[in-house]
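Survey of secondary and tertiary structure
These are the residues of each chain, in order.
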Amino acid sequence: MNSLKLINIGQLVTYDSVKNEMVVFENTEIAIEGNHIKEVGQNLGDADQIFDCKNKLVTPGFVDPHTHPVFLDGRENEFAMRLQGAIYEEISEAGGGIVNSINGVRNSSESDLISRVKTRMDRFLSLGTTTVECKSGYGLSTESELKSLKVINEVNRNHKIDMIPTFMGGHAFPPEFKNNPNDYVDLICNEMIPAVAEQGIAKFNDVFCENGYFTVEQTKRILDVGKVHGLIPRIHADEFEDSGAAELAGEIGSISADHLMLVSDEGIQELAENGVIATLLPGTTFFLGKSEYAPYQKLKEAGVDVALATDFNPGSCHIQSMPFILSLSCIYLKMTVLDAIKAATITSAKSLLLNKTTGSIEIGKKADIIVWDIERLVQIPYLVSDHPIQTIIKSGEIVFTP
């Protein structure tokens, strides 16, 4: 089994499971054996390979728990429409938005989609993301949703990054069901979910619970049926208005509620009482040109665990950089830098039920590590559009050096 040792680490910032807090180590070393971290400390002995960190900053690799990477082409035309004054909801009502990506996914071959998704995963990895949740949801037919999940699985099998698949047939209503949305909910519950469960790729089941998309009642039905078939619930909640989705997330035991820009105080209380993680997506607010960011301080004060994600997708947030998300979180959500790093690593891993194996630099966990070309943690959000990464280590292997 190959061994690797990181020496001359100036500052190591990570979560400590024993102390249940973020910690900062000075002048330390990391010993890696195979895929996993063997030891963290000083004077750790020999290894097959020695990597000199040159007194730079080291952190865990980022865990991005909310992305939509299975699409063919971007939607730059909608971006241009927003520059002319249209808002996302108006574009969606006019036939744009999510449904605009349907034909691309439905009509593309698996190999075309695999090629696009692989390129996107290369970019994620180069930006320090070592684990990424990936949703289907741009096919919105049984055949194309299964195809999307198969694409995620195929890329995951052949890529260094870890991809966690989520079924999202409940993303929007396809055009053929525009006038009979309940029939589409029937299709999801009676045909899609059983087929997805039989396919055996998806781990989670997500629904866009929002006015103009899926009602609370429809969302509950889809997530309840998913639970029967072994799919763990997640919810797009309260993005454009308080729809009661956060309360539903608490009621059904969703692992996370995502977006939450307009969550109510009652919704926050439900999240706190039921241990639902709030996954915040400040990149979406920024990309859509809006000013109302999710109420991080209220969530924190209520005792809700907070994760951060990019929401990478072709329409409402074409951002893959977790370092940039950290900048937005510190500037607009008023997060401390340590809180932002925690939210983008261990809490994000927790929202994917992976916190026992990833999300922090601790003995026995996967060796997913970023060696930065900076000395201090605050420089990550401070540099905003610069991404001074020296090296990325994934599962104990050096996989990226700019």
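Check the entry above for the structure.
All values reported here derive from a predicted model rather than from experimental measurement.

On to the pairing of strand β11 (residues 277-280). Because side chains alternate across β11, one face comprises the buried residues Ile277 and Thr279, and the other comprises Ala278 and Leu280, equally buried. Taken together, the 3 bridges between strand β10 (residues 256-259) and β11 define a ladder with parallel strand orientation. Of the residues in β11, the one forming a bridge with Ala257 is Ala278. A crossover connection joins β10 to the parallel β11 through helix α9 (residues 265-273); in handedness this β-α-β unit is right-handed. For β11 and strand β12 (residues 306-308), the ladder comprises 3 bridges, and the chain directions are parallel. Looking at the pairing, Leu280 lines up with Leu308 of β12.

For the structure on display, the rule yields 13 aromatic pairs. Pairing Phe71 with Phe312 gives two aromatic rings, centres 5.7 Å apart and planes at 50°, and the pair type is tilted. Placement of the pair is Phe71 in the loop between β5 (62-64) and α1 (76-83) and Phe312 in the loop between β12 and α12 (322-332), with a sequence separation of 241 residues. Judged by relative accessible area, which is 2%, Phe71 ranks as buried. Between Phe173 and Tyr184, the aromatic rings sit 6.0 Å apart at their centres with planes inclined by 75°, giving edge-to-face as the arrangement. On the criterion of sequence distance, the pair formed by Phe173 in the loop between β7 (162-170) and α6 (181-199) and Tyr184 in helix α6 is long-range, its members being 11 residues apart. Residue class for Phe173 comes out buried when judged on its relative accessible area of 15%. Overall, Tyr184 belongs to the buried group, its relative accessible area being 0%. Just above the ring of Phe71 sits the side chain of Arg120; from NZ or CZ to the centre is 3.6 Å. Over the face of the ring belonging to Phe204 we find Arg234, whose NZ or CZ atom lies 4.5 Å from the ring centre.

Another point: unusual backbone geometry. Residues other than glycine seldom take positive phi values, yet Lys54 does so here, at roughly 55°. Its place among the elements puts Lys54 in strand β4 (residues 49-60). Overall, Lys54 belongs to the exposed group, its relative accessible area being 56%. Even without glycine at this site, Lys334 takes up a positive phi of about 60°. Within the fold, Lys334 resides in the loop between α12 and α13 (337-344). In this structure Lys334 comes out as exposed when scored by relative accessible area, which is 57%.

A few words now on helix α7 (residues 216-228). Taking 1.5 Å as the rise per residue, α7 with 13 residues should run 18 Å; its terminal C-alpha atoms sit 18 Å apart, in good agreement. For α7, the set of buried residues is Gln218, Thr219, Ile222, Leu223 and Gly226. All buried residues of α7 lie within an arc of 125° about the axis, which places them on one face of the element. Residues Glu217 and Val228 are exposed on α7 and point more than 90 degrees away from its buried face. The secondary structure elements touched by the buried residues of α7 are α6, β8 (204-209), β9 (232-237) and α8 (245-252). With its phi angle positive at about 85°, Gly230 sits one or two positions after the end of α7.

What follows concerns the packing of helix α5 (residues 142-158) against α6. Close contact between α5 and α6 brings their axes to 10 Å; oriented N to C, the two are set at 30°. Considered as vectors, α5 and α6 are oriented roughly parallel to each other. Of the two possible hands of crossing, α5 and α6 adopt the one that is right-handed. Only Leu187, Glu191, Met192, Ala195, Val196 and Gln199 of α6 make contact with α5, whose side of the interface consists of Thr142, Glu145, Leu146, Leu149 and Lys150. Residue composition of the contact of α5 with α6, by class: 6 nonpolar, 2 polar and 3 charged.

Conventions and cut-offs
- Residues numbered from 1 in each chain as written.
- Predicted model: local features only at pLDDT ≥ 70, side-chain atom pairs only at ≥ 80, totals over all residues.
- Heavy atoms only, no water.
- Buried < 20%, exposed > 50% of the residue type's maximum accessible area, 1.4 Å probe, protein only.
- Helix = DSSP H or I, 4+ residues; strand = E, 2+ residues; numbered from the N terminus.
- Pairing = 2+ DSSP bridges.
- Right-handed = clockwise from strand over helix to strand, strands pointing away.
- Phe/Tyr/Trp six-rings, centres within 6.5 Å; stacked < 30°, edge-to-face > 60°.
- Lys NZ or Arg CZ within 6 Å of the ring centre and 35° of its normal.
- Expected span 1.5 Å × (residues − 1).
- Arc of directions from axis to C-beta.
- Contact = heavy atoms within 4.5 Å.
- Axes fitted to C-alpha atoms, helices over the stretch in contact; angles between N-to-C directions.
- Parallel < 35°, antiparallel > 145°, perpendicular 65-115°, else oblique.
- Left-handed = near helix turned anticlockwise from the far one by under 90°.
- Nonpolar A, V, L, I, M, F, W, Y, C, P; charged D, E, K, R; others polar.

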